[in-house]
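Fold and geometry: a report
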Amino acid sequence: MDDDVRNIVLGVIATMVSGGSGWFARTYLWHRALRRKQAFFGLPTGSDCLFVVNRQMGGTDSSLHRNDAFALLEISALIKDCGANVQIVTHDAARQGFGERAEFCVGGPVSNARTTAHLDSMLPGVRVDTSTQAGPDRGALHVGGETYRWEKGRSEHVLLARLTTGRGSRPVFLLSGQTANSNQAAARYLARHHRHLARTHGGGSFCLVLKVVNSDAYGPDVTELVADVTGAARTPEAAAV
């Protein structure tokens, strides 16, 4: 074998080794990212999860607001990426415990009875004004001594929480907004920032207040983190005083 042929063969071998190493590295990183995503959402491959949908305020018990449907689509994409299966149930038909499988619960306590149960059980420091009378505190969130009010078309708030009951239990993700638009905003925020949330909070519980800015102009697209209220939300109001 002369020098030219030998150089060609060595070049081909080097290219194959380099390409194979790059492929293995990319595959390893992809699998590691997938495992972290599955761990955060409690969705190992082939597992089942629950998606609890609310009813449209002012609509029939079986109606669903368009923005809540969009929230379902946002979260369904995450579930599909993890290789898990989803069961969709209405809020008044989800009569089961939590921790055995992951759950995504969308909607505030006015439109979702299961949200009310989760707030009472796991976030006793949160109070939501559920009055139907017009007024500045209608739909307001009260937590940690702060009040987060709803200004129609200008400012909407939503609780985004990851809740666990102990080691090994699957999480409940609660998206409890003042409007259907804010529910969708929370779903989009979760989809975009789950890596940061996982790094910040690990596998534990958290409760965040998000603010949707100028929804009349921007819809659910402009959302900012207002406060991490995990400690206050998990402390009963009487104990927090």
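This write-up is about the structure you can find in this document. (Residues numbered from 1 in each chain as written. Predicted model: local features only at pLDDT ≥ 70, side-chain atom pairs only at ≥ 80, totals over all residues. Heavy atoms only, no water.)

**Concerning the environment of H194**
For H194, the location among the structural elements is in helix α4 (residues 180-201). Residue classification places H194 among the buried residues on the basis of a relative accessible area of 5%. Residues H194 and K37, 157 residues apart in the sequence, show an inter-C-alpha distance of 7.8 Å. Apart from residues lying up to four places away in sequence, H194 is in contact with K37, F40, F41, L78 and Y189. (Helix = DSSP H or I, 4+ residues; strand = E, 2+ residues; numbered from the N terminus. Buried < 20%, exposed > 50% of the residue type's maximum accessible area, 1.4 Å probe, protein only. Contact = heavy atoms within 4.5 Å.)

**Looking at the packing of aromatic side chains**
For any pair of aromatic rings, geometry is given as the distance between the ring centres together with the angle between the planes. Per the stated rule, a full pass over the model turns up six aromatic pairs. Centre to centre, the rings of F41 and F104 are 6.2 Å apart; their planes meet at 40 degrees, and the pair counts as tilted. Placement of F41 in helix α1 (residues 3-41) and of F104 in strand β3 (residues 102-106) is noted, with a sequence separation of 63 residues between them. Here F41 matches F104 in class, with each residue buried. With centroids separated by 5.3 Å and ring planes inclined at 45 degrees, the aromatic side chains of F41 and F173 adopt a geometry described as tilted. Separated by 132 residues along the polypeptide, F41 in helix α1 and F173 in strand β8 (residues 172-177) bring together distant segments of the chain. Judged by its relative accessible area of 0%, F41 falls in the buried class. Within the aromatic cluster, the residues linked to one another by ring pairs are F40, F41, F104, F173 and F206. Above the plane of the ring of F40 lies R162, whose end atom (NZ or CZ) is 5.2 Å from the centre. (Phe/Tyr/Trp six-rings, centres within 6.5 Å; stacked < 30°, edge-to-face > 60°. Lys NZ or Arg CZ within 6 Å of the ring centre and 35° of its normal.)

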